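Here is what each chain is made of, one letter per residue.
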Amino acid sequence: MPKINGNEIRPGNVLEHNDGLWAAVKVDHVKPGKGGAFAQVEMKNLRNGSKLNERFRSADKVERVRLEQKDMQFLYEDDGMLIFMDTETYDQVQVAADLLGDRRPFLQDGMTIVVEFYDAEALNASVPQKVTCKIVETEPVVKGQTAANSFKPAILDNGVKVMVPPFVGQDEMIIVDTIAMEYSERA
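Since we're looking at a predicted model, the values are computed, not measured. (Residues numbered from 1 in each chain as written. Predicted model: local features only at pLDDT ≥ 70, side-chain atom pairs only at ≥ 80, totals over all residues. Heavy atoms only, no water.)

**Topic: the domain arrangement of the chain**
Here is step 1 of the chain: We note that the domain assignment places domain 1 (3-65), domain 2 (68-126) and domain 3 (130-186) within the chain.
Here is step 2 of the chain: The C-alpha-based centres of domain 1 and domain 2 are spaced at 28 Å. (Domains from an automatic or database assignment.)

Below is the structure:
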């Protein structure tokens with residue numbers, strides 16, 4: 001694994017530090033008036049989710065880890081474990097459901113997502129940025145209410161609540177941005 005200098009750490013980098021795998025969430029480069037410059041790095045443990053703030057001087061060497069990304073197809077859920085199939089080798093892999101966090105409701109049967117592995121351990125999973133969902137409950141469409149930039153609450157088929165424009169009605173298909181957790185466009 002390559003070693004990098006402390007000032008080369010960027011958000012999103014995965015580092016091996018204190019016998020754990022950490023993802024750099026936020027990096028601030030600080031140049032104090034006295035003493036050498038350093039990088040103030042906020043890191044998140046990929047195994048247990050704990051956070052750590054650490055200072056790295058430019059002379060410090062840190063082990064950078066490369067994660068293997070694989071496209072996996074979602075098959076089913078069993079006792080809090082999500083079962084995925086590798087689309088190339090057809091091997092089945094179990095991943096903890098809490099790995100997806102609050103994006104879990106957007107996971108649909110047969111959906112292909114990206115799972116990041118370190119050796120054979122699944123560390124991270126991400127659903128596609130845009131997912132098509134059906135509105136199951138919202139207020140009725142009001143004619144002539146298009147000029148105002150107002151939104152109304154809607155409940156999707158997966159139970160997630162999003163704000164939608166007034167012209168979108170019940171039983172319509174919409175595209176939801178899974179990163180911002182908001183309405184993107186009509187499907």
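Moving on from the model shown.
**A word on the environment of E54**
Here is step 1 of the chain: Structurally, the position occupied by E54 is in strand β5 (residues 51-57).
Here is step 2 of the chain: Sequence spacing of E54 and E42 is 12 residues, and the spatial spacing of their C-alpha atoms is 6.5 Å.
Here is step 3 of the chain: When sequence neighbours within four positions are dropped, the list of residues in contact with E54 reads H17, A39, Q40, V41 and M43.
Here is step 4 of the chain: Polar side-chain contacts of E54 include one of 3.3 Å to the side chain of H17. (Helix = DSSP H or I, 4+ residues; strand = E, 2+ residues; numbered from the N terminus. Contact = heavy atoms within 4.5 Å. Polar contact = N/O pair within 3.5 Å; in protein donor to acceptor, adjacent residues only side chain to side chain.)

**As for the packing of aromatic side chains**
Any pair of aromatic rings gets described here by the distance separating the centres and the angle formed by the planes.
Here is step 1 of the chain: Scanning all chains against the criterion turns up 1 aromatic pair.
Here is step 2 of the chain: Positioned above the aromatic ring of F117, the side-chain terminus of K70 is 5.5 Å from the ring centre. (Phe/Tyr/Trp six-rings, centres within 6.5 Å; stacked < 30°, edge-to-face > 60°. Lys NZ or Arg CZ within 6 Å of the ring centre and 35° of its normal.)

**What to know about the sheet that holds strand β8 (residues 81-86)**
Here is step 1 of the chain: The 5 strands lie next to each other as β9-β8-β7-β10-β11, forming an open sheet whose pairing is antiparallel. Here the strands that pair on one side only, and so sit at the sheet edges, are β9 (92-96) and β11 (121-126). Strand-to-strand twist across the sheet, computed as the mean angle between neighbouring axes with direction ignored, equals 45 degrees.
Here is step 2 of the chain: The pairing of β8 with β9 spans 5 bridges and is antiparallel. Bridge assignment links F84 to a residue of β9, and that residue is V93. (Pairing = 2+ DSSP bridges. Axes fitted to C-alpha atoms, helices over the stretch in contact; angles between N-to-C directions.)

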